[in-house]
Amino acid sequence: MGSVVLEQLRKDFSGVTVLQNINLDINEGEFFALLGPSGCGKTTTMRCIAGFETPTSGTIKIGGKDVANLPPNERNCGMVFQSYALFPHMNVFDNVAYSLNIKELKKSNPLKKIGVYTRMLNSKLVKYPKEIEKKVMDILEYVELTNHAKKLTSELSGGQQQRVALARALVMEPEVLLMDEPLSNLDLKLRHTMRNTIRRIQQDLKITTIFVTHDQEEAMSMADRIAVMKDGEILQIGTPTDLYSNPKTSFIADFVGTSNILEGTVVSAENDLTIVQVGNQQIKSKMKKDKKEVQVIIRPENIIVLNGENDNYDNTFEGVIHLATYLGNTVRYDVKVGDHMLVVDTIYESGANIKQSGEKVRLGVSPERVLLI
Amino acid sequence: MRKIKSLFTGLGLVKLLIYGFFLLFLIIPLLSVFLVAFTNEPINLFGSLISLEQLQTTMNQFKNATLDNFKSIFSYGHYFEGLINSLKLSFIVSIWVLVICIPIAFGIARTNMPFKKTISALVTVPLVIPTFISAYAFIIMFGRAGWVTYIYEKLGGEGMLIDPYSMTGIAIVQIFFFFPYALWPMVAAFKVSDISLEEASRNMGAKGWLTFITVTFPLVIPGMLSTALVIFAVSFSDFGTPIILAPSDLNLIVVDAYREISGFFNWGGAAILTVIMIAVAGFVYWLQNYMLKGRDYGVVSGKPKQVKLIDHKALTIPLSIFSGFVVIVPLLAMGTVILQSFATTWGKDPLPNGYTLDHYRTIFTSSLGNIQNSLILAAGALILSVVLAIFVSYFVVRYRSTTLDFMTTIPLIVPGIAFGIALIQTFNTAPLQLTGTAIILIIAYTIRRLPYMVRSTVGTMKSIKQDIEEAAVNLGASTLTAAITVIGPLMLPGIAAGSILVFVTVIKETSISILMAPAEWAPMSLAIFQNVLRAEYYSAAAMSVVLVVMVLVLQAIANRLSGRNGL
């Protein structure tokens, strides 16, 4: 198990730069997510680490060792592919045993090599040695697939296939586990279960894991740290809470969770309170900014719908409900305030009335919750 | 530096070898035949590489190069006439094929004509019969002693209904045996042409036939023209029919080229004819691709609607009768060959005088060698093309090697006889004297049939996602190990289907066999050809039946294999 360090990584594809200034320092045993919209370069970054792409410049170190000259088959990075890439002509057991066969192949004499090759082509002809058998069955037990060992992968459900892919990558005891959008082919419920499974295994084995995803919820719920990428560059690296509460750009604020983003001008800054003019409203924030034109960011759950008793807020706005969406445990209101539309999330308590569109409301936000970018 | 090093390890080396193979046996021969067209005498390119003396001779040959051969094509009436006749033949054949295919294709695609299933099944029959057998079958049907001629005379006709030894005879054989090549593309065209457009036309008040002429027909025209070009190329390159049927006063370019090289050893003449043949075939191929480019209409609008098949008896019964007539001619031809193979003697009578198995006994004793040769040569070509096709498709699909892709389409364009002449000329002298050996024969078969094999393997290769291979590499396998343990097994069905196809076409192959096979390696096709020339029709018939049966069985196996895997 090792750390992964990327320094000044850059990748050009026939003249087009798809990655630049990629600097990452992933700790041993860390669960690290690369998060970004499609085409942001997250998969390319991962493929550079795995060795399937050669970076145009920059260095990649795995476990402190520069891997520039190592071909992909010698990097010992277990990879779980988006499509799982299971071998369709082999059963579950043979799939998982593949890397162990290869290891045996490398240290065998020519005669034994033929035996191993034959086994890889048809495992009925040549038996597996005891230690391989045990290793494979252990890992299959770990991912709860013992009963499916002799099945063809096409006979398994999506979630089971996913676990075979995971077992196949883990059995080689990789230095790093790479996962490329591993959950995107599963349905919503299974995705939630698999999140927990993957997280549990990662914690158990303390294996350095790099996880590529475009789903911020996935990244937030699983990763220790996240790098948000856009257009081939890293915008911000941080823990999930860090990214959520202190996004560096409005893109991140919007991409990581939902945000109300308003353009405004700073009119005064005194007593730790910055006052920003947004349209004909003034918004107070506890944040300091030394520029004039700012973006005001307010998370929907930080806006409170006031009902007379608790209107003790520094920021209050009058608005009209435009749309109310019932989401189970929350109700989301789109509220028209002046020229702006604000998204407001409120916790739904059973029995409470949902406000109807057209209803007038007062909204409150405390200045601590108003971010300025 | 790393790049250069990687060239000499594993796959890089394989790629170099494949390029070498194509260079040696395809590109250089074609280039050499082109040069010979100027020098008028064989040049020894390989010799020039190893001997200074030879190089000097070759240089002198180049100095004496002339354009005489090119001039002679247009002045010396003989060659020019051959070219014109060949073009005329191909033109007539492609037009007639179109004409007879339109009703049949329409009948199959759009109507519930009676016996539709049977007709669809029987139209594949001509494809399994090599043209020199069909040509010879026409002789025993329409010739002076043929049963058709007998009936014709009984009905009051004089002489022969059709003289098989004529342009008409050649054209008729080609029309009836090549039409299936055009039929299926046309059926497809009729099926996809947008039904809703026709409904719109009918909705606006146009009658059925008016709709057909104004809407349906114009929509399938591009498809038909490109199909006609395919037939043109097939007819132009066909060697089996003209070599059997062309009378001595009818020049056709393929026959001329064959005679120049195997009769007169006129290298220059054969070379210029070869160059002309390749030029024509290449032009037709280019034209066909050009026409298909960006003309993909038909399948534009989502799901094709279920066609409502026409049931109108007044239309379907004539269509069925017509289709039946077209389909029955090749069947009668094959039936005649079968009958003849069992006949003691068969004069100018509707049926043989008696029946015997003697001819089969003869070929299974005295001609067993030919059958063996065919099997060995076909097996050799099969193995070689399997190895080549696997790697070629690997490079084409994974590394997008357009050069290799292009090289494997060249043999599709070059007529067999032209390719044969190019090989004979190039490998005629030391240091690479291969002409007259089984090796060059196998290589010639392989290169000629490789496109079919590659098409099959490229298809399977494309269905294997790159992820799968990367997963193997990620798990520690080298690219070669990944190829052996993962890609290979997954490609097996495609390889199996493709290799049977190669085997079958090699057994059927005419031009290369007749031109290049040495006596001790004479395959069945050459034996049949020689028997026909010697007018030993009975043993030719028996051998033909054996050949066609072999082809049918293998083809059925191939269909099963590819059908099961949904290729």
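The structure presented is a predicted model; accordingly, all values stated were derived computationally and were not measured. (Residues numbered from 1 in each chain as written. Chains lettered and ligands numbered in written order. Predicted model: local features only at pLDDT ≥ 70, side-chain atom pairs only at ≥ 80, totals over all residues. Heavy atoms only, no water.)

**Student:** Account for the overall build of chain A, naming residues and giving values.
**Tutor:** Regarding its fold elements, chain A presents nine helices and 20 strands. Its C-alpha atoms give chain A principal-axis dimensions of about 85 × 50 × 35 Å. Classification of the 373 residues of chain A by burial places 49% in the buried group. Of the contacts made within chain A by residues no fewer than 6 positions apart, 67% connect residues no fewer than 24 positions apart. (Helix = DSSP H or I, 4+ residues; strand = E, 2+ residues; numbered from the N terminus. Buried < 20%, exposed > 50% of the residue type's maximum accessible area, 1.4 Å probe, protein only. Contact = heavy atoms within 4.5 Å.)

**Student:** How would you explain the packing of aromatic side chains if you had to name every residue and give the values?
**Tutor:** Geometrically, a pair of aromatic rings is defined through the distance of the ring centres and the angle of the planes. All names here are of chain B. A full pass over the atoms with the stated rule returns 22 aromatic pairs over all chains. Aromatic pair W286 and Y290: ring centres 5.2 Å apart, planes at 20 degrees, arrangement stacked. Of this pair, W286 and Y290 both sit in helix α16 (residues 267-292), four residues apart, which is roughly one turn of that helix. What makes W286 partly exposed here is its relative accessible area of 46%. (Phe/Tyr/Trp six-rings, centres within 6.5 Å; stacked < 30°, edge-to-face > 60°.)

**Student:** Talk me through the sheet that holds strand β3 (residues 31-35) of chain A; I want residue IDs and the actual numbers.
**Tutor:** All names here are of chain A. The six strands are arranged β6-β7-β8-β3-β9-β10 in an open sheet whose pairing can be described as mixed. The sheet is open, and its two borders are formed by β6 (77-80) and β10 (233-238), each paired with just one other strand. The sheet shows a mean angle of 20 degrees between the axes of neighbouring strands, taken without regard to direction. Those strands touched by helix α1 (residues 42-50) are β3, β6, β7 (176-180), β8 (208-213) and β9 (225-230), and its axis lies near 150 degrees from that of β8. (Pairing = 2+ DSSP bridges. Axes fitted to C-alpha atoms, helices over the stretch in contact; angles between N-to-C directions.)

**Student:** I'd like a description of helix α10 (residues 147-154) of chain B, backed by residues and values.
**Tutor:** Residue and element names in this part refer to chain B. Along α10, the residues classified as buried are W147, V148 and T149. Those residues of α10 hidden inside the fold are in contact with α9 (131-142) and α17 (313-342). Positive phi shows up at G156, right after α10, with a value of about 105 degrees.

**Student:** Would you mind going over the side chain of R47 of chain A in detail, with residue names and values included?
**Tutor:** Within the element layout of this structure, R47 of chain A appears in helix α1. A polar side-chain atom of R47 of chain A sits 2.6 Å from a polar atom in the side chain of E470 of chain B. Sequence-distant contacts of R47 of chain A, that is, excluding residues within four places in its chain, are made with F52 and E53 of chain A together with E470 of chain B. (Polar contact = N/O pair within 3.5 Å; in protein donor to acceptor, adjacent residues only side chain to side chain.)

**Student:** Which residues make up the environment of V99 of chain B, and what values do they have?
**Tutor:** Tracing the chain through its elements places V99 of chain B in helix α6 (residues 77-110). Separated by 113 residues in the primary sequence, V99 of chain B and F212 of chain B have C-alpha atoms spaced 15 Å apart.

**Student:** An account of the confidence of the model for chain B is requested, with residue identities and associated values reported.
**Tutor:** Interpretation of this model should avoid reading the predicted coordinates in detail wherever pLDDT is low. When the pLDDT values of chain B are averaged, the result is 83; 90% of them are 70 or greater. Of all helices and strands in chain B, the one with the weakest mean pLDDT is helix α1 (residues 2-7) of chain B (48), whereas helix α23 (residues 466-474) of chain B scores best (91). (pLDDT = per-residue confidence, 0-100.)

**Student:** Account for the UniProt feature "domain: ABC transmembrane type-1" (unreviewed entry) in chain B, with residues named and values stated.
**Tutor:** UniProt annotation of "domain: ABC transmembrane type-1" (unreviewed entry) refers to residues 83-288 and 371-558 of chain B when read in the numbering used here. The span residues 371-558 of chain B is 82% helical and 0% strand by assignment, and the distance between its end C-alpha atoms comes to 21 Å. (UniProt positions renumbered as here; feature names shortened; annotations may be inferred.)

**Student:** Kindly report on the interface of chain B and chain A, identifying the contributing residues and their values.
**Tutor:** Interface size, as often reported, equals the accessible area lost upon joining of the parts. The partner chain A presents 27 residues to the 20 residues of chain B that form the contact. Both faces considered, chain B and chain A share a buried interface measuring about 2000 Å² in area, 65% of it formed by carbon and sulfur atoms. Linking chain B with chain A are one salt bridge. Note that E470 of chain B is salt-bridged to R47 of chain A, the shortest N-O span being 2.6 Å. Counting across the chain B and chain A interface gives eight residue pairs in polar contact (both at pLDDT 80 or more). Those elements that place two or more of their residues in the side of chain B that touches chain A are α23 and α24 (479-508) of chain B. Looking at the side of chain B that touches chain A residue by residue, the class counts come to eleven nonpolar, five polar and four charged. (Buried area = accessible area lost by both parts, 1.4 Å probe. Salt bridge = Lys/Arg side-chain N within 4 Å of Asp/Glu carboxyl O. Nonpolar A, V, L, I, M, F, W, Y, C, P; charged D, E, K, R; others polar.)

**Student:** Before we move on, could you go through the pairing of strand β18 (residues 340-347) of chain A and cite the residues and values that matter?
**Tutor:** All names here are of chain A. Of the pairings in the sheet, the one linking strand β17 (residues 330-337) to β18 comprises eight bridges and is antiparallel in character. Along β18, the bridge assignment pairs V331 with T346. If you look at the hairpin formed by β17 and β18, you'll find two residues sitting between the two strands, and G338 has a positive phi there, around 60 degrees.

**Student:** A description of the sheet that holds strand β14 (residues 293-298) of chain A should follow, citing residues and the corresponding values.
**Tutor:** Residues and elements named next belong to chain A. Pairing is antiparallel in the open sheet, where five strands are placed in the order β13-β12-β11-β14-β20. Every interior strand has two partners, whereas the edge strands, β13 (281-285) and β20 (371-372), have only one. Taken together, the five bridges between strand β12 (residues 273-278) and β13 define a ladder with antiparallel strand orientation. Residue pairing across strands places Q277 opposite Q282, the latter belonging to β13.

**Student:** Residues and numbers for the pattern of salt bridges, please.
**Tutor:** This model, assessed by the stated rule, comprises 19 salt bridges over all chains. Between E30 of chain A and R225 of chain A there is a salt bridge whose closest N-O contact spans 2.5 Å. Placement of the pair is E30 of chain A in the loop between β2 (16-26) and β3 and R225 of chain A in strand β9, with a sequence separation of 195 residues. Here the salt bridges share partners, and the residues they tie into one network are R47 and E53 of chain A together with E470 of chain B.

**Student:** Account for the packing of α9 of chain B against α17 of chain B, naming residues and giving values.
**Tutor:** All names here are of chain B. At their nearest, the axes of α9 and α17 sit 9 Å apart, and the two run at 80 degrees to each other. Classified by the interaxial angle, the pair formed by α9 and α17 is roughly perpendicular. Counting all contacts with α9, which are made through Y136, A137, F138, I140 and M141, the residues of α17 involved are V329, L332, A333, T336, V337 and Q340. Looking at side-chain class alone, the contact of α9 with α17 contains nine nonpolar, two polar and no charged residues. (Parallel < 35°, antiparallel > 145°, perpendicular 65-115°, else oblique.)

**Student:** I'd love a proper account of the domain arrangement of chain B, names of residues and values included.
**Tutor:** Residue and element names in this part refer to chain B. Taken domain by domain, chain B comprises domain 1 (1-66 + 357-567) and domain 2 (74-344). Just the C-alpha atoms count here: the centres of domain 1 and domain 2 sit 27 Å apart. For the pair domain 1 and domain 2, the summed buried area comes to about 3500 Å², and 80% of that belongs to carbon and sulfur atoms. Interface area lost by domain 1 to domain 2 is led by I413, I417 and Y537, which between them contribute 15%. Our enumeration of links across domain 1 and domain 2 arrives at zero salt bridges. Applying the counting criterion to the domain 1 and domain 2 interface returns six residue pairs in polar contact (both at pLDDT 80 or more). Where the side of domain 1 that touches domain 2 is concerned, the elements lending two or more residues are α2 (11-39), α18 (358-365), α20 (402-413), α21 (416-426), α25 (511-516), α26 (524-533) and α27 (537-564). Of the residues forming the side of domain 1 that touches domain 2, the biggest block, twelve residues, is contributed by α27. (Domains from an automatic or database assignment.)

**Student:** So what's going on with the domain arrangement of chain A? Which residues, and what values?
**Tutor:** When cut into domains, chain A gives domain 1 (4-245) and domain 2 (258-372). Using only C-alpha atoms to locate each centre, domain 1 of chain A and domain 2 of chain A end up separated by 42 Å.

**Student:** Before we move on, can you summarise the environment of T213 of chain A with the specific residues and values?
**Tutor:** All names here are of chain A. Tracing the chain through its elements places T213 in strand β8. Here T213 falls in the buried class, since its relative accessible area comes to 0%. In this structure T213 touches L34, L35, G36, K42, E181, E218 and A219, once residues within four positions along its chain are discounted.

**Student:** So what's going on with the nonpolar core? Which residues, and what values?
**Tutor:** Grouped burial of nonpolar side chains is what soluble globular proteins tend to show. With 220 residues, the main nonpolar core has Y98 of chain A together with I244 of chain B as its most contacted residues. Of the residues forming this core, the biggest block, 16 residues, is contributed by helix α11 (residues 167-192) of chain B. Contacts of Y98 of chain A, omitting those with residues within four sequence positions, involve F87, M90 and M120 of chain A together with A472, L475, A477, T481, A482, T485 and V486 of chain B. In this structure, V92, I198, I201 and F255 of chain A belong to the second largest nonpolar core, which totals 45 residues. (Core = buried A, V, L, I, M, F, W, Y, C linked by side-chain atoms within 4.5 Å.)

**Student:** Requested: an account of the environment of L319 of chain B, with residues and values cited.
**Tutor:** Residue and element names in this part refer to chain B. Note that L319 resides in helix α17. Of the residues examined, L319 reaches a relative accessible area of 10% and is grouped as buried. Distance in space between the C-alpha atoms of L319 and Y445 is 40 Å, their sequence separation being 126 residues. In contact with L319, not counting residues within four places along its chain, are P103, F106, G107, T111 and M113.

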